[in-house]
Amino acid sequence: MIVVLLICIVWFPLLFMSLIKSVAGVTNKPLDVSIKITLGGYQPIFTMSAQQNQLKFMTEGAYTSFKRNKETSALQFMEGYGSEDITTAELEGGNSNSLWTISPPSRTMMIESIADLSHEFTLVISWTIHRNLSLGANAEVTGDKHTVSLTNETRLSLAKMMKSNASTPVTLEKIYPWYIKAPKDSIAKPILQLLKGQEFVNINVSLNRNVTGGSIQEWWVLNQTHKHFTNKTGLELIVFSDKVSPPSLGFLAGYGIMGLYASVVLVIGKFVREFFSGISHSIMFEELPNVDRILKLCTDIFLVRETGELELEEDLYAKLIFLYRSPETMIKWTREKN
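Keep in mind the model is a prediction, meaning the values are calculated, not measured.

A.B. asks: Explain the pattern of salt bridges to me, please; I cannot follow it from the model alone.
C.D. replies: Oppositely charged side chains can form a pair if their charged atoms are brought close together. Scanning the model with the defined rule gives six salt bridges in all. Residues Arg107 and Glu218 are paired through a salt bridge, measuring 2.6 Å at the closest nitrogen-oxygen approach. Of the two residues, Arg107 is situated in helix α4 (residues 104-115) and Glu218 in strand β12 (residues 215-223); the sequence distance between them amounts to 111 residues. With relative accessibility at 10%, the residue Glu218 sits in the buried group. Salt bridges linked by common partners bring Arg107, Arg209 and Glu218 together as one network.

So, in structure tokens, the structure goes:
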């Protein structure tokens, strides 16, 4: 029974953490999804966020259609998620939330850096997802970024668009993640299993201008050519949210499986160890099969002491000490009678 109890104690954190997510888990849906794109460390060219009605929660019918014609690796990943765990952030319009207010010297330097093909020029896209911290997530904000080196053709097209007044879209190849996994911690990684060839998708970018009162206002517009759930201009980001433990069980699952092991297994193991510590030194005396002869010897020692036969008591006591000092003789003396 003790062995069974110890096995149950060791397995308890694993079973608890798996059941708390699959049975009693709560979906921590995103409250805000933001995208930011930066060229070569200069001022960001695109910032946009989706909130409230721009966050669409997937229905059962849309989820079934979404799973159709998916590869085996994608279906295996999606086994751990239901339709209620998937949110589609529709960045409609594709227009940046803020104007591109880069200074003229920085703009000139940026164009020169893009057009200079002798060195590398990178693009950084970052995403940020805000959740409700009270539901059990370890971090209120989760996100990550992806850095890619632009090809020479793309760099020349960007430099030409920035120099002229034309707003012909330029294709940025393999930079957009499209599918994001939002776990409980602060790092939201792209889901490569759902991407074709495990590569990021292309997006089109253009620089729009508006002249009012002699001043020029510029902003960037992004468009994703292929989407699942909308045909409008803009971007689509699909977020898979991991289930979190309900607030009522947060005191147990708040620190994850390692916290459970530290608080349950190690603490209980310490008490069990203290209970059995030193048992190896006493088991040879406490678990003897038949102690009748040893008990008779002790009774004889008591009787001769009462009658004053001190020499005989000394001999019997020496015999008793010899028995406890000789395990082999003790085994012979304490065998079962049969």
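A.B. asks: Looking at this structure, I do not really get a nonpolar patch on the surface. What am I missing?
C.D. replies: On the surface, Ile2, Leu6, Phe275, Phe276, Ile279, Ile283, Met284, Phe285 and Tyr324 cluster together into a nonpolar patch covering about 810 Å² of accessible area. Put simply, the parts of the chain that give the nonpolar patch at least two residues each are α1 (2-22), α7 (256-276) and α8 (279-286). With four residues, α8 is the single largest residue contributor to the nonpolar patch. As for its position among the elements, Ile279 is in helix α8.

A.B. asks: Just to check I follow, could you spell out the packing of helix α9 (residues 292-307) against helix α10 (residues 310-325) for this structure?
C.D. replies: In a packed pair of helices, the relevant descriptors are the angle between the two axes and the axis-to-axis distance. For the pair α9 and α10, interaxial distance at closest approach is 9 Å and the crossing angle is 155°. Relative to α10, α9 is oriented roughly antiparallel. Crossing geometry of α9 relative to α10 is assigned as left-handed. For the pair α9 and α10, contact is made by Ile294, Leu297, Cys298, Asp300, Ile301, Val304 and Arg305 and by Leu312, Glu313, Leu316, Tyr317, Lys319, Leu320, Leu323 and Tyr324, respectively. Along the lines of polarity and charge, the residues of the contact of α9 with α10 split into eleven nonpolar, no polar and four charged.

Cut-off values and rules
Residues numbered from 1 in each chain as written. Predicted model: local features only at pLDDT ≥ 70, side-chain atom pairs only at ≥ 80, totals over all residues. Heavy atoms only, no water. Salt bridge = Lys/Arg side-chain N within 4 Å of Asp/Glu carboxyl O. Helix = DSSP H or I, 4+ residues; strand = E, 2+ residues; numbered from the N terminus. Buried < 20%, exposed > 50% of the residue type's maximum accessible area, 1.4 Å probe, protein only. Patch = residues over 30% accessible without salt bridge, like charges linked within 9 Å, V, L, I, M, F, W, Y side chains within 5 Å. Areas by Shrake-Rupley, 256 points an atom, 1.4 Å probe, with all protein chains shown as cover. Axes fitted to C-alpha atoms, helices over the stretch in contact; angles between N-to-C directions. Parallel < 35°, antiparallel > 145°, perpendicular 65-115°, else oblique. Left-handed = near helix turned anticlockwise from the far one by under 90°. Contact = heavy atoms within 4.5 Å. Nonpolar A, V, L, I, M, F, W, Y, C, P; charged D, E, K, R; others polar.

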